[in-house]
Amino acid sequence: MSDTTALRLAPASTLFGRLMALVDRLLMANARIADRNGDPPYFGL
């Protein structure tokens, strides 16, 4: 039996949900770039 599970979530269909998904993608991209450069990533806005 696998120790991990996958949870399927419905796509964000509201305008607020889409905005939050966009902000999340931007923050994650910023964290990946900071990690690649060896800098500590900044979390939040």
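Throughout what follows, the structure given in this document is the object of discussion. (Residues numbered from 1 in each chain as written. Predicted model: local features only at pLDDT ≥ 70, side-chain atom pairs only at ≥ 80, totals over all residues. Heavy atoms only, no water.)

This part takes up the overall build of the protein chain. A tally of helices and strands in the protein chain yields 1 helix and 0 strands. Residue burial in the protein chain is summarised as follows: out of 45 residues, 7% are buried. Summing over all exposed atoms, the protein chain offers an accessible surface of approximately 4,600 Å²; the carbon and sulfur share of this is 63%. (Helix = DSSP H or I, 4+ residues; strand = E, 2+ residues; numbered from the N terminus. Buried < 20%, exposed > 50% of the residue type's maximum accessible area, 1.4 Å probe, protein only. Areas by Shrake-Rupley, 256 points an atom, 1.4 Å probe, with all protein chains shown as cover.)

A few words on a nonpolar patch on the surface. On the surface, Phe16, Leu19, Met20, Leu22 and Leu26 cluster together into a nonpolar patch covering about 510 Å² of accessible area. Considering the arrangement of structural elements, one finds Leu22 in helix H1 (residues 15–37). (Patch = residues over 30% accessible without salt bridge, like charges linked within 9 Å, V, L, I, M, F, W, Y side chains within 5 Å. Salt bridge = Lys/Arg side-chain N within 4 Å of Asp/Glu carboxyl O.)

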